[in-house]
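Below, each chain spelled out in residue letters.
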Amino acid sequence: MGLAYNTYLNGNRIYGCKNCKAHLANHQDIISRNFRGQHGKAYLFNTVVNVETGEPNERNMTTGRHVVRDIQCRQCKDVVGWKYDKAYESAEKYKEGKFILEAELLCNVS
C-alpha cells in the first residue's frame, strides 16, 4: 500500500485537526457556515485533505435523511466531521460529495 503523506495547504487561514494540527481545509473553501454538528457550529467544504472516510450509513438529520460517512484525521484518527454521499430530498442534493468539519474539532494552523 505504501506510505500516506500529508498534504500541506497554502493560504492565510488554514483549518487543522485540533488534536495533531494536520492541515484539513483552507478557509477560502468554505461553502457555508450555517451548519450544526454534534459539537455545535460546523462548516460545509467542497474539498478537504488528510482525511479518511468511514463506512456509509444512513442518518436522519435536521434537514432530512442522508447517507453519510464519518471522516477522520489521517494522522491521529480523530473524527473531525462527515462526508455527504447521498441526500434524499431534492433541495439537499447540493450537499452530495461535500464535507462537514465541526468547528470545535478544528484549530487555526496559520
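Note that this is a predicted model, so its numbers are computed, not measured. (Residues numbered from 1 in each chain as written. Predicted model: local features only at pLDDT ≥ 70, side-chain atom pairs only at ≥ 80, totals over all residues. Heavy atoms only, no water.)

## Here's the deal with the pairing of strand 8 (residues 79–87)
As defined by bridge partners, strand 7 (residues 64–73) adjoins strand 8 across seven bridges and the pair is classed as antiparallel. Opposite valine 68, over in strand 8, you have tyrosine 84 as the bridge partner. (Pairing = 2+ DSSP bridges. Helix = DSSP H or I, 4+ residues; strand = E, 2+ residues; numbered from the N terminus.)

## Quick notes on the sheet that holds strand 1 (residues 14–17)
One open sheet accounts for three strands, arranged 2-1-10; its pairing is antiparallel. The two strands at the open ends of the sheet, each matched to only one other strand, are strand 2 (23–26) and strand 10 (106–108). Taken pair by pair, the neighbouring strands of this sheet meet at an average axis angle of 35 degrees, ignoring direction. Sheet topology places strand 1 next to strand 2; three bridges connect them, and they run antiparallel. Considered in strand 2, the bridge of glycine 16 is made with histidine 23. (Axes fitted to C-alpha atoms, helices over the stretch in contact; angles between N-to-C directions.)

## Remarks on the UniProt feature "domain: Yippee" (unreviewed entry) in the chain
UniProt records the feature "domain: Yippee" (unreviewed entry) at residues 13–110, using the numbering of this structure. Here residues 13–110 is 0% helix and 57% strand, with 6 Å between the C-alpha atoms at its ends. (UniProt positions renumbered as here; feature names shortened; annotations may be inferred.)

## A look at the nonpolar core
In this structure, Leu24, Phe45, Val48, Val80 and Leu101 are the most contacted members of the largest nonpolar core, which totals 16 residues. At the level of elements, strand 1, strand 2, strand 4 (40–45), strand 7 and strand 9 (99–102) are the ones that each hand at least two residues to this core. Setting aside its immediate chain neighbours within four residues, valine 80 contacts Cys17, Leu24, Val51, Ile71, Gln72, Cys73, Ile100, Leu101, Glu102 and Leu105. In this structure, Phe35, Ala42, Val68 and Ile100 belong to the second largest nonpolar core, which totals seven residues. (Core = buried A, V, L, I, M, F, W, Y, C linked by side-chain atoms within 4.5 Å. Buried < 20%, exposed > 50% of the residue type's maximum accessible area, 1.4 Å probe, protein only. Contact = heavy atoms within 4.5 Å.)

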